[in-house]
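Each chain, written out:
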Amino acid sequence: MAVITPPSYDASLADHGFEAKELKGLVYPLGEHAPQYGEIYPLAPDIGWTRMPVPGNLAHINLWLLDEADGGYAIADTGLFMPATIDQWKAMFAGALADRTLRRIFVTHFHPDHVGCAGWLANKFKVPLWMNRTEWLMARMLTGEQLEHPPEEVLNNRRFAGFDEERIGKLRKAGWGGFARAVSRLPMGHVRMDDGQVIRVGRRDWTVMTGGGHTPEHASLVDFDNNMIIAGDQILPRITSNVSVMDSEPQADPLGEWLASIAKFRQALPADMLVLPAHGEPFTGVHFRLDKLASGHHERLDRLESELRISEMRAVDTFSLLFDREIDDNVYGLAAGEAQAHLRHLHMAGRIKCEIRDGVGWYHAA
């Protein structure tokens, strides 16, 4: 049997010829360089990096192409199921990937920009979809929910957060099932990815590490031998992943899960590991970034608790304490979910109390 040697490249990416950029405690080895939509940039001899469009402030999602041992390739994350993304994939299949065979698809979590094209790709090429079981079930559940009006319990959850009746009326008229419009039909089955599982892809061993809070069991892929992580939304360089109370678990503590996940990754990952994030550019400084993420949430929690000693608030009253931007209608729901997550964490820790009046949650100091 032939001996397969590790990739012959500089894992720091210094051999790519770009001037590294240091910003806010992180180092970006490729500076500001990034591939265009549908372009495949070789990060390593066996790893390609491409981007697909995402509407709004995110603008893009990073996707990764991993060489398989037989000359084929795997895809890690897939982009939104929308014409602009599909056109880019079709152009790649007719161009740079024309002579190559897709073998399997990995998806980090159920959010549409990650799983959106997974079903289309899996059904088109008759290849298996690898996901964490919980994340796959979430995607399957949400793609089956298309209703003329939101369920009444969902509207009650928004009322609890402090949505006024005018905003609730607009939600009632807007229908329910936006997730299904951005995600293609998933296969009936999947290959499960469990925490700690080691998956051989080509000449690399990727260890699955799951984290909660952003989604129930977000699955990152870690190549400890070559000091690299496909991080999805678990570790982003510039923005913080949304952590919200979800309608499927209205009594949960997602921020508690998120903080525990940060601690888990902080302990497991070497300080100099190269992070391949879903948004932004590859970077090093993972310990610094994880510490920053944790401290940012703790600062917000302390600020909330302090202000709630002065006056009681609903979730929607806390936006100015939590966010450094104006919250408009486009992000109002996400902001409310994240505000609820912070308030819920304080409440479950016994640091504040919640009283429900006319279906609205009012928080005040313990």
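Refer to the preceding data block for the structure.
Remember, predicted model here, so these are calculated numbers, not experimental data. (Residues numbered from 1 in each chain as written. Predicted model: local features only at pLDDT ≥ 70, side-chain atom pairs only at ≥ 80, totals over all residues. Heavy atoms only, no water.)

A. Summary view of the overall build of the protein. Assigned secondary structure in the protein consists of 11 helices and 16 strands. Its C-alpha atoms give the protein a radius of gyration of 21 Å, within 12% of the compact-globule value 21 Å for 366 residues. Out of the 366 residues belonging to the protein, those deemed buried represent 54%. Each charge class in the protein was averaged separately, 37 positive and 49 negative side chains, and the resulting centres sit 3 Å apart. (Helix = DSSP H or I, 4+ residues; strand = E, 2+ residues; numbered from the N terminus. Rg over C-alpha atoms; globule rule 2.2 N^0.38 Å. Buried < 20%, exposed > 50% of the residue type's maximum accessible area, 1.4 Å probe, protein only. Lys, Arg positive; Asp, Glu negative; His and termini not counted. Charge placed at Lys NZ, Arg CZ, Asp CG, Glu CD.)

B. Examining the nonpolar core more closely. I229, I235, L269 and F319 are the most contacted members of the largest nonpolar core, which has 48 residues in total. The set of elements that each furnish at least two residues to this core consists of β2 (26-28), α5 (152-161), β13 (228-232), α8 (254-268), α9 (286-308), α10 (319-322) and α11 (332-348). Not counting residues up to four positions away in its chain, the partners in contact with I235 are I229, F265, L269, V275, P277, F283, V286, R289 and L290. Core analysis: the next-biggest nonpolar cluster, separate from the first, contains 37 residues, L80, I105, A139 and A182 among them. (Core = buried A, V, L, I, M, F, W, Y, C linked by side-chain atoms within 4.5 Å. Contact = heavy atoms within 4.5 Å.)

C. Local environment of the environment of E148. You can see E148 is positioned in the loop between α4 (133-143) and α5. With 147 residues separating them in the primary sequence, E148 and S295 have C-alpha atoms 42 Å apart. Once you skip the residues sitting within four places of it in the chain, E148 turns out to touch R172, G175 and W176.

D. Examining the packing of aromatic side chains more closely. Inspection of every chain in the model, using the stated rule, returns 12 aromatic pairs. Ring centres 6.4 Å apart and planes at 50° place the aromatic pair Y28 and F283 in the tilted group. Residue Y28 is located in strand β2, and its partner F283 is located in the loop between β14 (274-277) and α9; the two are separated by 255 residues in the primary sequence. Aromatic pair F163 and Y332: ring centres 5.1 Å apart, planes at 75°, arrangement edge-to-face. Residue F163 is located in the loop between α5 and α6 (165-174), and its partner Y332 is located in helix α11; the two are separated by 169 residues in the primary sequence. Cluster of aromatic residues (ring-pair linked, three or more members): F18, Y41, W49 and W64. In this arrangement the basic side chain of R167 is found over the ring face of Y332, its NZ or CZ atom lying 3.5 Å from the centre. (Phe/Tyr/Trp six-rings, centres within 6.5 Å; stacked < 30°, edge-to-face > 60°. Lys NZ or Arg CZ within 6 Å of the ring centre and 35° of its normal.)

E. Just the side chain of H297, in detail. With respect to the element layout, H297 can be found in helix α9. At 3.1 Å, the side chain of H297 and the side chain of H342 are in polar contact. Filtering out sequence-adjacent residues up to four positions away, H297 remains in contact with L255, W258, L259, E338 and H342. (Polar contact = N/O pair within 3.5 Å; in protein donor to acceptor, adjacent residues only side chain to side chain.)

F. Main features of the sheet that holds strand β7 (residues 102-106). With mixed pairing, the 7 strands of this open sheet are ordered in space as β3-β4-β5-β6-β7-β8-β9. Because the sheet does not close on itself, it has two edges, and the strands there are β3 (41-44) and β9 (191-192). Two elements, strand β8 (residues 129-131) and β9, share 2 bridges in a ladder whose sense is parallel. Bridge pairing in β9 links W130 to V191. Contacting β4 (47-54), β5 (59-67) and β6 (73-76), helix α1 (residues 83-94) crosses the sheet at an angle of about 150° to β4. The sheet contacts of helix α3 (residues 118-125) involve β6, β7 and β8, and relative to β7 the element is tilted by about 155°. (Pairing = 2+ DSSP bridges. Axes fitted to C-alpha atoms, helices over the stretch in contact; angles between N-to-C directions.)

It is worth stressing that arrangement in space is one thing and function is another; only the former is reported here.
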